[in-house]
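Structural overview for review
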Amino acid sequence: MLYIKDFQRGSHQAFAICFDRYYAALCYFARGFLPGSPVIAADIVQDAFERLWERHADFMQESSIRSFLYVTVKNAVLDLQKHDRVIRKHHALQRPETNMHETALERMIEAEALANVHCAIQRLPEGCRSVLNLGYFQGLRNAEIASRLQVSVNTVKSQKMRAIKLLKGLFAASANISSILFFLSIPFFLVFRSFYCA
């Protein structure tokens, strides 16, 4: 990538490009291991970017930057979990270290797919975007969304269906396979349940 040389020289603009490119995916990645702790996950990701900046001159390829960020976040989460095991051995949400290593790649793919879905949602018309945000990310039922937006339940349902159609088109156009596969799995767990929850 063209910005890598500027990144090596310590360009803040190049660092901002890198930050924008990976921040959302890394947050999804960290939150996958820290359910219910989005603030801690965000702190870990910010720390990873600080470490990256401290070593900016060492990176000659974007793939090295990406690997460094994911490994740094994974190790930070692992350290946190080790600490939690010492403090709270029987914590209900504790995940074994071996499980984390086995699922890290899956979580990385899922995180990047989620980030792509998030970016695609930002490109939707405002009505579709609002309905998806309230329904899928805030967990509101169709009737609650209709009340919040002051529209009919049928309008909410039609906006959801339009949004899904538009998103499928966006993913097909970009040929982003991981995002397409991830998004196609959404209807079974979210879309149909949310669509019929009035």
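Residues numbered from 1 in each chain as written. Predicted model: local features only at pLDDT ≥ 70, side-chain atom pairs only at ≥ 80, totals over all residues. Heavy atoms only, no water.

1. Structural notes on the packing of aromatic side chains
Let me state the cut-off plainly: Two rings from Phe, Tyr or Trp (for Trp, the six-membered ring) form a pair when their centres sit within 6.5 Å of each other. Planes less than 30 degrees apart are called stacked, planes more than 60 degrees apart edge-to-face, and all others tilted.
One pass over the structure, following the stated rule, counts ten aromatic pairs. Seen in terms of ring centroids, Phe7 and Phe15 are 6.3 Å apart; in terms of plane orientation they differ by 15°. Their pairing is stacked. Taken together, Phe7, Phe15, Phe19, Tyr23, Phe49 and Trp53 form an aromatic cluster joined through their ring pairs.

2. Thoughts on the nonpolar core
In a soluble, globular protein the nonpolar side chains are often hidden away together inside. Put simply, the test is: What makes a nonpolar core is a set of buried Ala, Val, Leu, Ile, Met, Phe, Trp, Tyr and Cys residues whose side-chain atoms join them at distances within 4.5 Å. Using a 1.4 Å probe on the protein chains alone, a residue whose accessible area is under 20% of its type maximum counts as buried, one over 50% counts as exposed, and one in between counts as partly exposed. Secondary structure elements follow DSSP: runs of H or I no shorter than four residues count as helices, runs of E no shorter than two count as strands, and numbering proceeds from the N terminus. By the convention used here, residues are in contact when the closest approach between their heavy atoms is within 4.5 Å.
Of all hydrophobic cores here, the largest spans 32 residues; its most connected members are Phe7, Cys18, Phe49, Leu52, Leu69 and Val73. Of all the elements in the fold, those that place two or more residues in this core are α1 (3–8), α2 (12–33), α3 (38–54), α4 (62–87) and α5 (97–122). If you tally residues by element for this core, the top one is α2, at eleven residues. Not counting residues up to four positions away in its chain, the partners in contact with Val73 are Leu26, Phe29, Ala30, Ile44, Val45 and Ala48. Counting eleven residues, the second largest nonpolar core, distinct from the first, contains Val117, Leu124, Leu132 and Leu167.

3. Overview of α2
Where we set the bar: Expected helix span is given by 1.5 Å per residue-to-residue step, counting one fewer step than there are residues. Think of it this way: the bend at a residue is just the angle between two axes, each fitted to seven residues, one set ending at that residue and the other starting at it. As used in this structure description, the phrase polar contact means that two N or O atoms lie within 3.5 Å; if the pair is within protein, one of them must be able to donate a hydrogen and the other to accept it, and residues adjacent in sequence are counted only when both atoms belong to side chains.
Along its 22 residues, α2 runs 30 Å from first to last C-alpha, staying within 8% of the 32 Å computed at 1.5 Å per residue. Of all the bends in α2, the greatest measures close to 40° and is centred on Tyr22. Taken together, the buried positions of α2 are occupied by Ala14, Phe15, Cys18, Tyr22, Ala25, Leu26, Cys27, Tyr28, Phe29, Ala30, Gly32 and Phe33. Its side-chain oxygen at 3.3 Å from the backbone nitrogen of Gln13, Ser11 defines the N-terminal cap of α2.

4. Considerations on the pattern of salt bridges
The following threshold applies: Each salt bridge in this description consists of a side-chain nitrogen of Lys or Arg and a carboxyl oxygen of Asp or Glu lying within 4 Å of one another.
Applying the stated criterion across every chain yields a total of three salt bridges. With its nearest N and O atoms 2.7 Å apart, the salt bridge here joins Asp6 to Arg9. Here Arg55 ties to Asp58 by a salt bridge, and the two come within 3.3 Å at their closest N and O atoms. On the basis of relative accessible area, Arg55 is assigned to the partly exposed category, the value being 41%.

5. Some words on helix α7 (residues 142–149)
Counted only if it meets this: Here, the arc refers to the directions that run from the helix axis to the C-beta atoms.
All buried positions along α7 are accounted for by Asn142, Ile145 and Ala146. Seen along its axis, α7 keeps its buried residues to an arc of 100°; they face one direction. Those residues of α7 that are exposed and aimed more than 90 degrees away from the buried face are Ser147 and Arg148. Of the residues flanking the end of α7, it is Gln150, one or two places downstream, whose phi is positive at about 60°.

6. A word on the side chain of Lys160
Convention followed: We treat Lys and Arg as the positive residues and Asp and Glu as the negative residues; His and chain ends play no part in the count.
Relative to the helices and strands, Lys160 resides in helix α8 (residues 153–174). Despite its burial, Lys160 pairs with no opposite charge; the closest candidate is Glu144, at 9.4 Å N-O.

7. Here we look at the confidence of the model for the protein chain
Heads up, the rule is: pLDDT is defined as a per-residue confidence score from the predictor, taking values between 0 and 100.
Summary statistics for the protein chain give a mean pLDDT of 78 and a share of 75% for residues scoring 70 or more. Summarising per-element confidence for the protein chain, the mean pLDDT is lowest in helix α9 (residues 177–196) (43) and highest in α3 (93). Low pLDDT, under 50, characterises residues 177–198; the predicted model gives this stretch 38 contacts beyond four residues in sequence or across chains.

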